[in-house]
Amino acid sequence: MKKELVVSAIKNGTVIDHIPADMLFQVAKILDLTSRNTLVLLANNLDSMKLGKKGIIKCQDLYFNQDEINKIALVAPSATLITIRDYEIKEKMNVGIPSYIEGTVKCYNPKCITNVEKVTPRFDVIDKSELKLQCRYCQKITKKETLTFL
Amino acid sequence: MNLKNRNLISISDYNKEEYLYILKLAEDFEKNPVQDVAKGKVVATLFFEPSTRTRLSFESAVCRMGAKVIGFSDASNSSTAKGESLADTIRTVSCYADLIVMRHPLEGAARVASEVATVPVINAGDGANQHPTQCMLDLYSIMKTQGTLDNLNIAMVGDLKYGRTVHSLVEAMSNFNTTFHLVSPESLKLPSQVKMHIKRKNLKYFQYTEIPDVMDKVDILYMTRVQRERFLDIQDYEKVKNSYVLDKSMLINCKPNMKVLHPLPRVNEIATNVDATPQAYYFQQAQNGVYVRQALIAAILGLK
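Quick caveat: nothing in here was measured; it's all calculated off a predicted structure.

## A short note on the overall build of chain B
Step number 1: Each helix and strand counted, chain B has nine helices and nine strands in total.
Step number 2: Taking 19 Å as the expected radius of gyration for a compact globule of 304 residues, we find that chain B reaches 19 Å, a close match to that expectation.
Step number 3: With the principal axes as the frame, chain B shows a C-alpha extent of 55 × 45 × 40 Å.
Step number 4: The proportion of buried residues among the 304 residues of chain B is 49%.
Step number 5: Put simply, 75% of the contacts in chain B that link residues at least 6 apart link residues at least 24 apart.

## Considering the domain arrangement of chain A
Residue and element names in this part refer to chain A.
Step number 1: For chain A, the assigned domains are domain 1 (13-94) and domain 2 (100-149).
Step number 2: Listed by partner, the interface residues are five residues for domain 1 and four residues for domain 2.
Step number 3: In terms of residue class, the side of domain 1 that touches domain 2 is built from three nonpolar, one polar and one charged.

## Notes on the packing of helix α2 (residues 52-64) of chain B against helix α9 (residues 282-300) of chain B
All names here are of chain B.
Step number 1: Where α2 meets α9, the axes come as close as 8 Å, and the angle between the chain directions of the two elements is 60 degrees. With respect to each other, α2 and α9 are oriented oblique. Handedness of the α2/α9 crossing: right-handed. For the pair formed by α2 and α9, the contact residues are S57, F58, S60, A61, V62 and R64 on the first element and G289, V290, R293, Q294 and I297 on the second.
Step number 2: Of the residues that constitute the contact of α2 with α9, the class distribution is five nonpolar, four polar and two charged.

## Examining the environment of A124 of chain B
Step number 1: Relative to the assigned elements, A124 of chain B resides in strand β4 (residues 121-126).
Step number 2: For the pair A124 of chain B and I234 of chain B, spaced 110 residues apart in sequence, the C-alpha separation works out to 32 Å.

## Side note on helix α1 (residues 16-31) of chain B
All names here are of chain B.
Step number 1: Helix length check: α1 (16 residues) gives 23 Å between terminal C-alpha atoms against 22 Å at 1.5 Å per residue, within 8%.
Step number 2: For α1, the full list of buried residues reads Y19, I22, L23, L25, A26 and F29. Down the axis, α1 shows its buried residues gathered within 165 degrees of arc, on one side only. Away from its buried face, by an angle of more than 90 degrees, α1 presents the exposed residues K16, E17 and K31.
Step number 3: The inward-facing, buried residues of α1 abut α5 (132-146), α6 (164-173) and α9.

## A look at the sheet that holds strand β6 (residues 100-102) of chain A
Residue and element names in this part refer to chain A.
Step number 1: Pairing is antiparallel across the open sheet formed by four strands, whose spatial order is β6-β8-β9-β10. A single partner strand is all that each edge strand has here, and the edge strands are β6 and β10 (141-143). Across the sheet, the mean angle from the axis of one strand to that of its neighbour is 35 degrees, orientation sign disregarded.
Step number 2: Where strand β9 (residues 132-135) lies against β10, three bridges are found, and the strand directions are antiparallel.

## Considerations on the interface of chain B and chain A
Step number 1: With eleven residues of chain B in contact, the opposing surface of chain A contributes 15 residues.
Step number 2: For the side of chain B that touches chain A, the element with the most residues is helix α4 (residues 109-116) of chain B, which contributes three residues.
Step number 3: Its residues assigned to classes, the side of chain B that touches chain A shows four nonpolar, five polar and two charged.

## Things to note about the sheet that holds strand β5 (residues 153-157) of chain B
Residue and element names in this part refer to chain B.
Step number 1: Spatial strand order, β7-β6-β5-β8-β9: five strands in an open sheet with parallel pairing. The open sheet is flanked by β7 (205-208) and β9 (259-261), the only strands paired with a single partner. Going from strand to strand, the sheet's axes swing by 20 degrees on average, the running direction of each strand aside.

## Things to note about the pairing of strand β2 (residues 68-72) of chain B
Residues and elements named next belong to chain B.
Step number 1: In the sheet, strand β1 (residues 42-47) pairs with β2 via five bridges, with the strands oriented parallel. If you follow T45 over to β2, its bridge partner there is G71.
Step number 2: Read from β1 through α2 to β2, the crossover connection turns out right-handed.

## Brief notes about unusual backbone geometry
Step number 1: In this chain, L264 of chain B is followed by P265 of chain B through a cis amide linkage whose omega measures 5 degrees.
Step number 2: Among the secondary structure elements, P265 of chain B is positioned in the loop between β9 and α9.
Step number 3: Of note, the phi angle at Q139 of chain A is positive, near 75 degrees, even though the residue is not glycine.
Step number 4: Locating Q139 of chain A in the fold gives a position in the loop between β9 and β10.
Step number 5: Exposure remark for Q139 of chain A: the 21 C-beta atoms within 10 Å place this residue in the buried category.
Step number 6: At N177 of chain B, a position not held by glycine, the phi torsion is positive, near 55 degrees.
Step number 7: Counting through the fold element by element, N177 of chain B comes out in the loop between α6 and β6 (179-183).
Step number 8: On the neighbour-count criterion, N177 of chain B (14 C-beta atoms within 10 Å) is partly exposed.

## Remarks on the pairing of β1 of chain B
All names here are of chain B.
Step number 1: For β1, a buried count of five out of six residues is recorded, marking the element as mostly surrounded by other parts of the structure.
Step number 2: Direction of pairing for β1 relative to strand β3 (residues 99-104): parallel, over a ladder of five bridges. Counted as the bridge partner of T45 is V101 from β3.

## Details of the packing of α6 of chain B against helix α7 (residues 192-200) of chain B
Residue and element names in this part refer to chain B.
Step number 1: Where α6 contacts α7, the two axes come as close as 8 Å, and the packing angle between them is 15 degrees. The orientation of α6 relative to α7 falls into the category roughly parallel. For the pair α6 and α7, the crossing hand works out as left-handed. Residues H167, V170 and E171 of α6 touch α7, and the partners they reach there are V194, H197 and I198.
Step number 2: For the contact of α6 with α7, a count of residues per class yields three nonpolar, two polar and one charged.

What counts, and at which threshold
Residues numbered from 1 in each chain as written. Chains lettered and ligands numbered in written order. Predicted model: local features only at pLDDT ≥ 70, side-chain atom pairs only at ≥ 80, totals over all residues. Helix = DSSP H or I, 4+ residues; strand = E, 2+ residues; numbered from the N terminus. Rg over C-alpha atoms; globule rule 2.2 N^0.38 Å. Buried ≥ 20, exposed ≤ 12 C-beta atoms within 10 Å, placed from the backbone. Contact = placed C-beta atoms within 7 Å. Domains from an automatic or database assignment. Nonpolar A, V, L, I, M, F, W, Y, C, P; charged D, E, K, R; others polar. Axes fitted to C-alpha atoms, helices over the stretch in contact; angles between N-to-C directions. Parallel < 35°, antiparallel > 145°, perpendicular 65-115°, else oblique. Left-handed = near helix turned anticlockwise from the far one by under 90°. Expected span 1.5 Å × (residues − 1). Arc of directions from axis to C-beta. Pairing = 2+ DSSP bridges. Right-handed = clockwise from strand over helix to strand, strands pointing away.

Structure follows, in structure tokens:
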């Protein structure tokens, strides 16, 4: 039986698949999709063998560089990026945790200047497997359990 | 060596050779403290929270070099009280001074200042984070008392978990093949993040809970205060509080070259009967702060 697409195919652009359902809108925010003028299709709570429920985003005529893609690794390490050209899959990529993160995550330290003044939080990822982020301002380490997104 | 226009925000901003260069300059200032090398320069001391000792030490250093000081000693006397952002304050002061020395209660504030300032910034303490000039003067005091920084045995005593001076000193001294003796209550041990500096250099460290255990082993006894507010259970504090007070009677077995250092202010962790012993060095240590700050100001302003 032919499977029916829940979300229409796009001619050219990027498909972000296998997003955990509870992180779909966070991924859209990180990639700044709310301010784009092109066609952006979102679907959530789709059945997934891998995740149980998943989200998917299709962006017409939008392509992302590796740094932008890696930003979503913090919230959706399982995500797959698929580049589409003329309705055909041209490339598939998995996301990877970046070594530097800016403006996505809050520093967990309430006494950090970034939580009081208008300063963009910046972190070095000092442990990719355990996800430990060291604040470039207060030096404190934000761990996976204390991660809050801006 | 050229440190002109370099910021000093964290002790890790400088390397071993740069520490040694500053210490050498400080030695020169100790021999000849009044040098008019900074005549015509203006140094801004911006103290967003009060710190009499550090501010006066910096201002003394500036005055002895012939420069002028502008600034404030409390944020209530600044435009911060009117709601101005730190970045705007720093941008403005950059127009008035050749160098900014700042203390701020928020961690990371000095790094933010260095990103927007058009003149170099020296961090004089940002909350519990960094106080690199204290670390430099600790290094100078160790070198002065031992004649070297290499291959020493150093004991750190007291609150090793929260003490920023301890963390910076461990990081800096890890460059000099130091053996560390860490004396603290169980709940205030050195954090693993700081121990990483020791481990990365394959150095040795030993942990203890009593001061007498290290007395005959070390060249430097670096004392810090164990504060009651660091304990969740007041009974835990009561049990250990007297274990971290240094008394003259405990110095009997010490090595002849051993010196006692303390970042000050002291409360009761060193009995006053230690003050007159040959081991007490904490007041000279404070004096050394002026020479080290002179050296830093001269190097960063490109005067030496």
